[in-house]
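# Structural description and commentary
Listed below are the residues making up each chain.
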Amino acid sequence: MTNHTRRVLTAVVAIPPIVIISLLGGVYFFLLVAVISVIALIEFYSLVKLKSANPLVFVGCVAGVIVSFCFFSDSFLNFLNDRIFYSEGISFPSQSQLLIIVFLLSIIVVCVIELFRNKGSAILNISTTILGVVYIPFFLGTLIGIRELFQQVSFPVFRYFQ
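Note that the coordinates shown come from a computational prediction; the quantities given were computed from them, not determined experimentally. (Residues numbered from 1 in each chain as written. Predicted model: local features only at pLDDT ≥ 70, side-chain atom pairs only at ≥ 80, totals over all residues. Heavy atoms only, no water.)

It is worth spelling out helix α4 (residues 95-116) at this point. Across its 22 residues, α4 extends 32 Å between first and last C-alpha, which sits within 8% of the 32 Å expected from 1.5 Å per residue. The complete set of buried residues in α4 reads Leu-98, Leu-99, Val-102, Phe-103, Ser-106, Val-110 and Glu-114. Projected onto a plane normal to the axis of α4, the buried residues spread over an arc of 135° and lie on a single side. What points out from α4, more than 90 degrees from its buried face, is the exposed set Ile-100, Leu-104, Ile-108, Leu-115 and Phe-116. (Helix = DSSP H or I, 4+ residues; strand = E, 2+ residues; numbered from the N terminus. Expected span 1.5 Å × (residues − 1). Buried < 20%, exposed > 50% of the residue type's maximum accessible area, 1.4 Å probe, protein only. Arc of directions from axis to C-beta.)

Here you go:
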């Protein structure tokens, strides 16, 4: 099987489920983007290991899924508030606040783990781990934000210009 045939076969098999999941949106689209983020992070970290860095792969992948969830958190909170509970008092952080909290906690966790690990350059390991989280899940997570911006509940223009 040639490389071209393999690519065409992959496209024929993979494109219909991706389009269907993109049209469904919601949790399905979040899971699709989270899985793609984890696969891309593992690939990124394997490439970085070739350049003599030792990133924290598990911590980076967990932080990547949480960063992807930050872009889905508004829809998730609307679901919780509408169906499960309604609370007054301290509110859940907004999407941007939650993203900043996740980035700061990720940096702290990576630095603390790297403090007790003795594998090569600590600064190189920390920077490659954090770069992977910022570079891949953050930019792929914006797809979730864009997809959830145009929900099927109402026409998008009516949502912002009422």
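Our next topic: unusual backbone geometry. Of note, the phi angle at Ser-52 is positive, near 65°, even though the residue is not glycine. You can see Ser-52 is positioned in the loop between α2 (26-49) and α3 (57-83). Exposure remark for Ser-52: the relative accessible area of 58% places this residue in the exposed category.

What follows concerns the confidence of the model for the chain. Scored by pLDDT, the chain has a mean of 84; 80% of the residues are at 70 or more. Scored below 50 in pLDDT, residues 154-158 shows two contacts in the model against residues more than four places distant or in partner chains. (pLDDT = per-residue confidence, 0-100. Contact = heavy atoms within 4.5 Å.)

Moving on, we get to the packing of aromatic side chains. Overall, the coordinates contain eight aromatic pairs when judged by the stated rule. Judged by centre distance (5.3 Å) and plane angle (15°), the rings of Phe-30 and Phe-72 are stacked. Residue Phe-30 is located in helix α2, and its partner Phe-72 is located in helix α3; the two are separated by 42 residues in the primary sequence. Accessibility expressed as a relative area gives 11% for Phe-30, which makes it buried. Relative to Phe-139, the ring of Phe-138 lies with its centre 5.3 Å away and its plane at 65°, an arrangement referred to as edge-to-face. When its relative accessible area of 24% is taken as the criterion, Phe-138 is described as partly exposed. (Phe/Tyr/Trp six-rings, centres within 6.5 Å; stacked < 30°, edge-to-face > 60°.)

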